Structures are given as C-alpha cells and as structure tokens.
Amino acid sequence: MPADQQSRRDFLRTAAIAAAGVPLVGASSLVTRARPRQKPLGFALVGLGSLSTNQIAPALQRTTNCRLAGIVTGTPEKADRWKRQYNIPDRSVYSYDTMQRMADNADIDVIYVVTPNALHGEHTIKAAHAGKHVLCEKPMEVSVERCQAMIAACKAAGRQLAIGYRCQFDPNHLACVKLARDKTFGDVRMIDAGFGFPIGDPAQWRLHHALSGGGPLMDVGIYALQTARMITGEQPTSVSALQTTTDSVKFKDVEESMTFQLSFPSGVVAHCGTSFKVGINRFAVFADRGSFGMDPAYNYSGNRAFRGDGAQLGGAQVDQFATEMDAFASCIMNGTPTTVPGEMGMRDVRTLMAIYEAARTGRTIRLA
Ligand code: NDP
C-alpha cells in the first residue's frame, strides 16, 4: 500500500479515537499502552534555534517514548549551555560537519532536523547515512527534487522519515476531521484557511530565499494547505494564486502575502491566505447543513475548535510536539509506518511550488 494511503488510514483511526472523546492529554500514552515497554528512543536535535530551544527540548521532557540524547550545532556556546542543562555527554555533541559520526553512537536513534528549510535535505541525508531515523521540520525542503533525494536516502538506509506536521496530533484538528468524515453537517463544499503574522527581524533567514525557499507560504501557508488536505482527505488537483507585496524593501527576496485557491477531486474548494505582514490564524469549513472550524487554529497550545450550531467541539489540549515525537517513536518501536511520511511532505512541497508558479504566471496550475 502506498505510504500516503496507509498513513491516511492510520490518521483516520487516530482521528476517530480523538473525537470519541478519549482524554488526549496523554495522547502519547494511547500509543504506548498497546506495546511492550521498551527503552525510550534517543533523539538528537539538529539546529538549536528558537523552535528547538523553546518547544522541542521542553516537549522531549514530557514524552514517554523519547529522550534528548544528543545535539548538532554550529554554535559552540550553545553546545556548552545545552550540555549542562540537559546532561548531554561530550560524545553526543556534534557539528554539522561531524554528524556522520553518529553512526557509532548507539544512544541516538532519531535525528530531529530543525534547521532553516533549505538545509533540511543536507541534514536529513547525513542522518540517514549515519543509519538514523529522521523527523524533519516543515516544510520538508525547498524543491521536489530535494524531497525525492531525502526519501531515497532514508529508504536506502532502511530508516523512517517523518515530517513535523504537529497539527496532525492536535485533538481539536482531529475533531474537525471527524466531523468532515462523518458528514455531520453533510458534504463539505468550501474551506477558508489562513495563517500569517507580522514578521520582525529583517535580517532573519525566513526573508532570504536561498535559505527559506519562499516567504510566508513556505513558513506558515503550508498549515492552511495541510488543513485543506486533512479535512478533505484528498490531494488538490489545481491551484491558482495571487501574491502581494507593499514593502518592497523588507520583502525584496520573498513574497509578503499570498492568497491561493485549491480545488479538490470531490469539488471542494479551499480559499487560503498567508502573510508576513498581518496576523491570520483560523480556518472554517462550510458544509451543506452547517459549518465548523478553529479559531485560533495554529498555535502551539490554546487552540479552539467550534461548531456553527454552538455545540461543544474538541477542547482537549496536548503538547503537540511531545505527542508528535511519541507517535513517531512508537512507529519505530513497533515497525509501523509514520502517519506523516516524507511522501506527504513532498506532495505538499509540489503544491507549494505550483502555487508560486500560479502566482508568477497568473494561470491555474493543474497537479497530476
Ligand atoms: P531559528 O532561526 O530560530 O533556528 C535555526 C537554527 O538552525 C539556528 O539557530 C542554527 O542553530 C541553525 N542553523 C544552521 N545553519 C544556519 C544558517 N545558515 N542560518 C541560520 N540558522 C542556521 O529557526 P526556527 O527554530 O524558528 O526554525 C527552524 C525550522 O523549524 C524551520 O524549518 C521552520 O520552518 C521550522 N519551524 C516549525 C515550527 C512548527 O510549528 N512546526 C515552528 C517554527 C519553526 P545552531 O546555532 O545550533 O547551529
């Protein structure tokens, strides 16, 4: 069975569990309960920036199946701080040039790639060559070709590759997916989704195409695309898009804002928006007999699901990163495929590239 099809089946099962009202504050424990106890897997973080420092490392302390076992950094001062804070031995501290040596380190099972987008391929491939499983942050990379190379390297090494789609582990998102699948309000017809924020520091890599591959679309517009895919359970078949920039100094290298439309085989149309200029953080789903969605939708915590008829929806809060890492560790331990495989990440990158082409040419771009 193709990985993406298999993953959809697993995902729907998880969605059903979540929406059935099982308390998900221990979503990770749902996964662990079914399997024999094993030693937690050792995770090494590659790139000790904002996400690793503020979300992933703290989340690792809350996991059941994982532990922080190593780091890869280009900044020696960070290495000293992390070694002390997380009790990481010298032999598990690497630079980007030495990370292949992890092949000899049995304490490290999984590499979590948390570097700028255009470095994901290089770091994933090095990790695969060292014989490690890889969890790679979104977007998977900046071109379909690089995604293909990442998938090939992990396959050749016999290791799993997952993409950090944290919303796929948020019970509120899963509750919305279940409403769509159950046709609680009839068939879904339209989706309206957007994620954006006013970006600060003009010197950061997110504004440099060579490292980011694009602006808000690559960074957070991908969440709106994921929502549309999750709600429909389908791949978009065509895209159209409009790009706007009002500050051509700050946004000389990447787009400032983008709106895009996605058409799906069932006839659903998703209207999506993303921006580095204004805050947007919600989605709404319109079906024959009502609507539902989330507002806010894409925060790390505190997201809120709603139904148009005012009935209660979702509400459970989890640490999305802890749940995501525990789920991946469980797949590795049990030899089952991840629900968020590299193939899914590559498909999304293909769609993102088509959105850029649509914005550039003004044409509707068909996706095979
Ligand atoms: P940061 O800029 O805060 O950190 C990136 C780190 O990568 C740096 O601190 C540095 O770590 C390392 N790095 C290696 N080479 C470079 C380079 N040439 N330029 C800059 N940094 C470099 O970024 P974030 O942590 O915010 O984002 C990292 C990744 O995580 C991105 O792919 C982003 O899309 C994704 N992300 C995902 C989120 C989610 O919700 N899933 C949220 C935020 C980000 P060191 O000094 O240790 O070498």
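Since we're looking at a predicted model, the values are computed, not measured.

Before going further, it helps to spend a moment on the overall build of the chain. Helix and strand counts for the chain come out as eleven helices and 14 strands. Every one of the 368 residues in the chain was classed for burial, and the buried ones make up 55%. Restricting the contact set of the chain to residue pairs at least 6 apart, pairs at least 24 apart contribute 71%. For the chain, the accessible surface area stands at approximately 15200 Å², while carbon and sulfur atoms represent 52% of it.

For the ligand, the set of nearby residues contains 28 residues, the closest of which are Thr73, Thr75, Lys78, Tyr96 and Arg166. In the model, an oxygen atom of the ligand is placed 2.5 Å from a nitrogen or oxygen of the Thr75 side chain. At 3.1 Å from an oxygen atom of the ligand is found a main-chain nitrogen or oxygen belonging to Thr115. Against a free-state accessible area of 890 Å², the protein chains account for coverage of 81% of the ligand. Elements that contribute at least two residues to the shell around the ligand include exactly helix H3 (50-60) and helix H9 (216-232).

Let's shift gears to the packing of helix H5 (residues 120-129) against helix H6 (residues 144-157). Geometry of a packed helix pair, given as the angle between the helix axes and the separation of the axes. One way to put it is that H5 packs onto H6 with a least axis distance of 9 Å and a crossing angle of 5°. Relative to H6, the element H5 is oriented roughly parallel. Residues His120, Gly121, Thr124, Ile125 and Ala128 of H5 form the contact with H6, whose own contacting residues are Ala149, Met150, Ala153, Cys154 and Ala157.

Time to look at the sheet that holds strand E4 (residues 110-113). In spatial order, the strands read E3-E2-E1-E4-E5-E6; together these six strands make up an open sheet with parallel pairing. Every interior strand has two partners, whereas the edge strands, strand E3 (93-94) and strand E6 (161-163), have only one. Relative to E4, strand E1 (residues 41-46) runs parallel, the two sharing four bridges. Looking at E4, one finds that Val46 is bridged to Val113. Here helix H10 (residues 320-334) sits on the sheet and contacts E1, strand E2 (66-72), E4, strand E5 (133-136) and E6; the angle it forms with E5, its principal contact strand, is near 155°.

Moving on, we get to the packing of aromatic side chains. Here the structure, examined in full by the defined rule, presents eight aromatic pairs. Their ring planes at 45° and their centres at 5.3 Å tell us that Trp82 and Tyr86 sit as a pair that is tilted. On the criterion of helical spacing, the pair formed by Trp82 and Tyr86 is a turn pair, its members being four residues apart in helix H4 (residues 76-86). Under the relative-accessibility criterion, Trp82 is labelled buried at 3%. Among the aromatic residues, those joined into a cluster by ring pairs are Phe195, Tyr223, Phe283 and Tyr298.

Here we come to the pattern of salt bridges. If you walk through the whole model with that rule in mind, you get 16 salt bridges. Across the salt bridge formed by Lys83 and Asp80, the nearest N and O atoms sit 3.8 Å from each other. Residue Lys83 and its partner Asp80 are both found in helix H4; the two are separated by three residues, about one turn of the helix. The exposure class assigned to Lys83 is partly exposed, which follows from its relative accessible area of 23%. A salt bridge links Asp187 to Arg189; the shortest N-O distance between them is 3.6 Å. Taking the relative accessible area as the measure of exposure, Asp187 reaches 28% and is therefore partly exposed. What emerges from the salt-bridge pattern is a single network uniting Lys183, Asp187, Arg189 and Asp288.

Position of Thr274 among the secondary structure elements: in strand E10 (residues 269-275). In this structure Thr274 comes out as buried when scored by relative accessible area, which is 2%. Within the structure, Thr274 has its side chain in polar contact with the backbone oxygen of Phe195 (distance 2.9 Å). At 3.2 Å, the side chain of Thr274 forms a polar contact with the backbone nitrogen of Gly221. With near-sequence residues (within four places) excluded, Thr274 lies in contact with Phe195, Pro216, Leu217, Val220, Gly221, Ser257, Met258, Phe260 and Ile280.

Conventions adopted
- Residues numbered from 1 in each chain as written.
- Predicted model: local features only at pLDDT ≥ 70, side-chain atom pairs only at ≥ 80, totals over all residues.
- Heavy atoms only, no water.
- Helix = DSSP H or I, 4+ residues; strand = E, 2+ residues; numbered from the N terminus.
- Buried < 20%, exposed > 50% of the residue type's maximum accessible area, 1.4 Å probe, protein only.
- Contact = heavy atoms within 4.5 Å.
- Areas by Shrake-Rupley, 256 points an atom, 1.4 Å probe, with all protein chains shown as cover.
- Near = heavy atom within 4 Å.
- Polar contact = N/O pair within 3.5 Å; in protein donor to acceptor, adjacent residues only side chain to side chain.
- Axes fitted to C-alpha atoms, helices over the stretch in contact; angles between N-to-C directions.
- Parallel < 35°, antiparallel > 145°, perpendicular 65-115°, else oblique.
- Pairing = 2+ DSSP bridges.
- Phe/Tyr/Trp six-rings, centres within 6.5 Å; stacked < 30°, edge-to-face > 60°.
- Salt bridge = Lys/Arg side-chain N within 4 Å of Asp/Glu carboxyl O.

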